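# Breakdown of the fold
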Amino acid sequence: MGQTTLSARRRILAVFAGGFCGTLARALLSMLVQSHLGSGWPYDILLINLTGAFLIAFFSMLADTTFLIGPTLRLFINVGFLGAYTTFSSLALGDMLQFQKGHWLPGLLYLALSILGGILAIQAGDLLGHTCAKRLRARYKGAPTDATGQDRHMDIQDDVLLSNVDEAGTQETHK
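Residues numbered from 1 in each chain as written. Predicted model: local features only at pLDDT ≥ 70, side-chain atom pairs only at ≥ 80, totals over all residues. Heavy atoms only, no water.

For the chain, the count of helices and strands is six helices and three strands. Listed by position from the N terminus, the elements making up the chain come as β-α-α-α-α-α-α-β-β. Working note: accessible area of the chain is about 10,700 Å², and carbon and sulfur atoms make up 67% of it. (Helix = DSSP H or I, 4+ residues; strand = E, 2+ residues; numbered from the N terminus. Areas by Shrake-Rupley, 256 points an atom, 1.4 Å probe, with all protein chains shown as cover.)

We now examine the layout of surface pockets. In this structure, the second largest pocket occupies an estimated 170 Å³ of space. Along its surface, the second largest pocket is lined by 13 residues, and Ser39, Trp41, Pro42, Gly94 and Leu97 are the ones closest to its centre. When residues of the lining of the second largest pocket are traced back to their parent elements, those giving at least two are α2 (43-65) and α4 (88-100). With five residues, the top contributor of residues to the lining of the second largest pocket is α4. (1 Å grid on protein atoms, 1.4 Å probe; cavity = no way out; pocket = protein on both sides within 12 Å on 5 of 7 lines; lining within 4 Å. Points joined across faces, edges and corners; volume = space filled by probe spheres on them.)

What follows concerns the confidence of the model for the chain. For the chain, per-residue confidence averages 82 on the pLDDT scale, and residues scoring 70 or more make up 78% of the total. Per-element averaging of pLDDT across the chain places strand β2 (residues 163-165) at the bottom with 40 and helix α1 (residues 8-37) at the top with 96. Scored below 50 in pLDDT, residues 154-175 makes 43 contacts in the model with residues more than four places away or belonging to other chains. (pLDDT = per-residue confidence, 0-100. Contact = heavy atoms within 4.5 Å.)

Now for the environment of Phe59. Its location among the elements puts Phe59 in helix α2. Here Phe59 falls in the partly exposed class, since its relative accessible area comes to 23%. Spatially, the C-alpha atom of Phe59 lies 6.9 Å from that of Gly129, the residues being 70 residues apart in sequence. Dropping the residues within four chain positions of it, Phe59 is found in contact with Ile69, Ile77, Asn78 and Leu82. (Buried < 20%, exposed > 50% of the residue type's maximum accessible area, 1.4 Å probe, protein only.)

Our focus in this paragraph is the packing of aromatic side chains. As enumerated under the stated definition, the model contains six aromatic pairs in all. Here Trp41 and Tyr110 contribute two aromatic rings whose centre-to-centre distance is 5.5 Å and whose plane-to-plane angle is 75°, an arrangement assigned as edge-to-face. One end of the pair, Trp41, is in the loop between α1 and α2; the other, Tyr110, is in helix α5 (residues 104-139), and 69 residues separate them in sequence. When its relative accessible area of 14% is taken as the criterion, Trp41 is described as buried. Taking the relative accessible area as the measure of exposure, Tyr110 reaches 0% and is therefore buried. Ring geometry for Phe58 versus Phe59: centroids 5.2 Å apart, planes at 70°, classification edge-to-face. Within the aromatic cluster, the residues linked to one another by ring pairs are Trp41, Tyr43 and Tyr110. (Phe/Tyr/Trp six-rings, centres within 6.5 Å; stacked < 30°, edge-to-face > 60°.)

The next subject is the packing of α2 against helix α3 (residues 71-85). Packing of α2 against α3 brings their axes to within 10 Å, and their N-to-C directions diverge by 170°. Viewed along their axes, α2 and α3 adopt a mutual orientation that is roughly antiparallel. Where α2 approaches α3, its residues Ile48, Thr51, Gly52, Leu55, Ile56, Phe59, Ser60, Ala63 and Asp64 are matched on the opposing element by Arg74, Ile77, Asn78, Leu82 and Tyr85. (Axes fitted to C-alpha atoms, helices over the stretch in contact; angles between N-to-C directions. Parallel < 35°, antiparallel > 145°, perpendicular 65-115°, else oblique.)

One can describe the packing of α1 onto α2 by two numbers: an axis separation of 8 Å at closest approach and a directional angle of 135°. When the interaxial angle is binned, α1 and α2 end up oblique. Handedness of the α1/α2 crossing: right-handed. In contact with Arg26, Leu29, Ser30, Val33, Gln34 and Leu37 of α1, α2 contributes Tyr43, Asp44, Leu47 and Ile48. Looking at the contact of α1 with α2 residue by residue, the class counts come to six nonpolar, two polar and two charged. (Left-handed = near helix turned anticlockwise from the far one by under 90°. Nonpolar A, V, L, I, M, F, W, Y, C, P; charged D, E, K, R; others polar.)

With that out of the way, let us pick up the environment of Leu128. Position of Leu128 relative to the elements: it lies in helix α5. Sequence-distant contacts of Leu128, that is, excluding residues within four places in its chain, are made with Phe54 and Phe58.

Structural data, given as structure tokens:
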């Protein structure tokens, strides 16, 4: 079997489904945070963006270093879900509203916490991803591999629904 790639339809559906779920998660978490802390300061968007930064680093590390996250799941989580869950435009709007109200110190604090917190969250997610990957590799030394000896992703749908290029270079589409 030759190189495998996901069909365009499969990639689009993974991103669409992830984006739908990420949008709902952001809206629900935002309402929950605002109901407890109010809407005078953008606590909700800060929490969403920091957890999103942590999760994107964590899942990227797992996808890059383990067999647990295949290409479809990676598109669903990183591009779809976390792309819709996190929001730079809301960060910018929250800051602009603080500055327009003359709340310079809270606005600058929000900006600094967002940027520095995001960097720290990425580092923490990356570190946790490395730790989990190391433990998984030690625990599953006989992880599934493909013909080249590379880790094979355990995303079952990818095995069934991939567009494959066979040895002769012709494309086969599994439905």
